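Here's the letter readout for the chains.
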Amino acid sequence: MSSAVRVTIWNEFLQEREDEAVRRVYPEGIHKALEQGLRDYPGFMIRTATLGDPDQGLADAVLEDTDVLIWWGHKAHAAVTDETTARVQRHVLSGMGLIVLHSGHWAKVFKALLGTHCSLRWREAGERERIWNLAPSHPITQGVDDYFEIDQEEMYGERFDVPEPDQLIFVSWFQGGEVFRSGCVWERGHGRIFYFRPGHETYPTYYHRDVLRVIANAARWAKAPVRMDDACAMSEPLETLPPPVSGTEEE
Ligand code: ZN
């Protein structure tokens, strides 16, 4: 059995087909750009899946064969069915890693796992983003400097309505003055979740060296050492127990 990390990159794959401004940046789709970018990093077996595939690209067989799912969605969150959402949630709880990118903060899967609104402020003004590395000893930040910059990005600002992260990995500063918790990790069940903010569909963010490095690091980190389904089993005692005390005999 291979020890490679089996990664599935899922994309709703809508705007790249319908919007010329998006197609110009990601002609084959964001999932293909990410797949190409991760090819520079060893140790992955990568497949891609899209909303238009059978079972919305996320059949049980696909998820069982996935160590880490990378999620891109924006316009079609509502088209992801409750069945698909429940399936992905169940696999994360069993130990499948999940990396949610940018506008995936609004995905049903992300909201189901975190249990909050996951709302934020936003502005499309092509401003500069400076992403500060708050956790230099964390596996996700290896090879990343104290900070890196993206010349043009959409602004995401606080307050980001998510549960307190288990650890805050990155915080972003934007030219317009806002800050944002851009890299957060949580555990849900046996599954590891990483939210990573960069990546608006009309900017070439997913060709950025540091952005790809972070996603590759996160994909390695998010592979859980176990995969366990839920079970509420009746448990036999390990030792001989004294007979149960019967109720009082006399009143
Ligand atoms: Zn965006």
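Binding of the zinc ion to the protein goes through His102 (NE2), Glu154 (OE) and His200 (ND1), at separations of 1.9 to 2.1 Å. Counting gaps between the donor residues of the zinc ion yields the pattern H-x51-E-x45-H. Here Glu154, found in strand β6 (residues 147-157), pairs with His200, found in the loop between β9 (191-196) and α7 (209-221); they are 46 residues apart in sequence, far enough to count as distant. On the basis of relative accessible area, His200 is assigned to the buried category, the value being 1%.

Take the packing of helix α3 (residues 30-38) against α7 next. Across the interface, α3 lies against α7 with an axial gap of 10 Å and an inter-helix angle of 80 degrees. Between α3 and α7, the angle is such that the two are roughly perpendicular. For the pair formed by α3 and α7, the contact residues are Leu34, Gly37 and Leu38 on the first element and Leu212, Ile215 and Ala216 on the second.

This part covers the layout of surface pockets. Estimated volume of the largest pocket: approximately 270 Å³. Elements represented by at least two residues in the lining of the largest pocket include exactly β5 (121-133) and β6. A class-by-class count of the residues in the lining of the largest pocket yields 4 nonpolar, 8 polar and 4 charged.

Moving on: helix α5 (residues 82-94). Counted at 1.5 Å a residue, the expected span for α5 with its 13 residues is 18 Å, and the 18 Å between its end C-alpha atoms agrees. Three or more residues of α5 are buried, namely Thr84, Thr85, Arg87, Val88, His91, Val92 and Ser94. Once α5 finishes, Gly95 follows within two positions and takes phi at roughly 125 degrees, a positive value.

Core analysis: the biggest nonpolar cluster contains 38 residues, and Phe170 and Phe194 have the highest contact counts within it. By size, the runner-up hydrophobic cluster in this structure holds 31 residues, among which are Leu63, Val80, Val88 and Cys184.

What follows covers the environment of Tyr147. By the secondary structure assignment, Tyr147 is in strand β6. A sequence separation of 23 residues divides Tyr147 from Phe170, and the C-alpha atoms of the two residues are 8.8 Å apart. Those residues in contact with Tyr147 that sit more than four places away from it in its chain are Arg130, Ile131, Trp132 and Asn133.

Another aspect to go through is the side chain of Glu154. No salt bridge is formed by the buried Glu154, whose closest oppositely charged neighbour, Arg197, lies at an N-O distance of 5.5 Å. Looking at Glu154, its side chain comes within polar contact range of the side chain of His102, at 2.9 Å. Within the local environment of Glu154, its side chain forms a polar contact with the side chain of His200, the two groups lying 2.7 Å apart.

This next bit is on the pairing of strand β8 (residues 179-188). For β8, the buried fraction is high: 7 of the 10 residues fall into the buried class. Pairing geometry for strand β7 (residues 167-174) and β8, over 5 bridges, is antiparallel. Looking across to β8, one finds that Ser172 is bridged to Phe180. Once β8 ends, the chain turns through 2 residues before running back antiparallel as β9, passing Gly189 with a positive phi of about 60 degrees.

Our next topic: the sheet that holds strand β1 (residues 5-11). Reading across the sheet, the 9 strands line up as β2-β1-β3-β4-β9-β8-β7-β5-β6 and stay open at both edges, with mixed pairing between neighbours. Since the sheet does not close on itself, it has two edges, and those belong to β2 (44-50) and β6, each with one partner. Adjacent strand axes in the sheet meet at a mean angle of 25 degrees when their direction is disregarded. Pairing analysis gives 4 bridges linking strand β3 (residues 68-72) to strand β4 (residues 97-101), with the strands arranged parallel. Each bridged residue has a counterpart across the sheet, and for Trp71 the counterpart in β4 is Val100. Docked against the sheet, α3 engages β1, β2, β3 and β4, running at close to 175 degrees with respect to β2. On the sheet, α5 packs against β3, β4, β8 and β9 and is oriented at approximately 115 degrees with respect to β9.

Per the stated rule, a full pass over the model turns up 18 salt bridges. The salt bridge involving Glu127 is made with Arg123; its shortest N-O contact spans 2.9 Å. On the basis of relative accessibility, which here comes to 28%, the residue Arg123 falls in the partly exposed class. For Arg159, the salt bridge is made with Asp161, and the minimal N-O distance between the two is 2.7 Å. The exposure class of Asp161 is buried, given its relative accessible area of 15%.

Thresholds, definitions, all that
- Chains are numbered independently. Their residues run from 1 in the order of the written sequence.
- Reporting in this predicted model follows two pLDDT cut-offs: at least 70 for local features of residues, and 80 or more for side-chain atom pairs to be given and counted; totals over whole chains, interfaces and linings ignore these cut-offs and use all residues.
- Derived side-chain values reflect all non-hydrogen atoms in the structure, with water molecules and hydrogen atoms excluded from consideration.
- Note that water is not among the atoms used; donors are N, O and S atoms within 2.8 Å of the metal (3.2 Å for Na, K and Ca), so sites may look incomplete.
- Secondary structure follows DSSP: runs of H or I at least 4 residues long count as helices, runs of E at least 2 residues long count as strands, and numbering of each begins at the N terminus.
- Burial classes follow relative accessibility: with a 1.4 Å probe on protein chains only, a residue under 20% of its type's maximum area counts as buried, one over 50% as exposed, and anything between as partly exposed.
- Simply put, an axis is a line fit to the C-alpha atoms, just over the touching stretch for a helix, and the angle between two N-to-C directions goes from 0 to 180 degrees.
- Roughly parallel refers to an angle under 35 degrees, roughly antiparallel to one over 145, roughly perpendicular to one between 65 and 115, and oblique to any angle outside these ranges.
- By definition, residues are in contact when any of their heavy atoms lie within 4.5 Å.
- Within this scheme a cavity is a closed region of a 1 Å grid, computed over the protein atoms alone, that accommodates a 1.4 Å probe without allowing it to escape, whereas a pocket is open but has protein on both sides within 12 Å along at least five of seven lines; lining residues each have an atom within 4 Å of a point.
- Grid points are joined across faces, edges and corners, and a volume is the space filled by probe spheres set on the points.
- Amino acids are sorted into nonpolar (Ala, Val, Leu, Ile, Met, Phe, Trp, Tyr, Cys and Pro), charged (Asp, Glu, Lys and Arg) and polar (every other residue, Gly among them).
- Multiplying one less than the number of residues by 1.5 Å gives the expected span of a helix.
- Side-chain atoms within 4.5 Å link the members of a nonpolar core, which is a set of buried Ala, Val, Leu, Ile, Met, Phe, Trp, Tyr and Cys residues.
- Counted as positive: Lys and Arg. Counted as negative: Asp and Glu. His and the chain ends are not counted at all.
- One side-chain nitrogen of Lys or Arg within 4 Å of one carboxyl oxygen of Asp or Glu is enough to make a salt bridge.
- Polar contacts here mean pairs of N or O atoms no more than 3.5 Å apart (in protein, one a potential hydrogen donor and the other a potential acceptor; neighbouring residues in sequence count only if both atoms are side-chain atoms).
- Any two strands are treated as partners once DSSP identifies two or more bridges connecting them.

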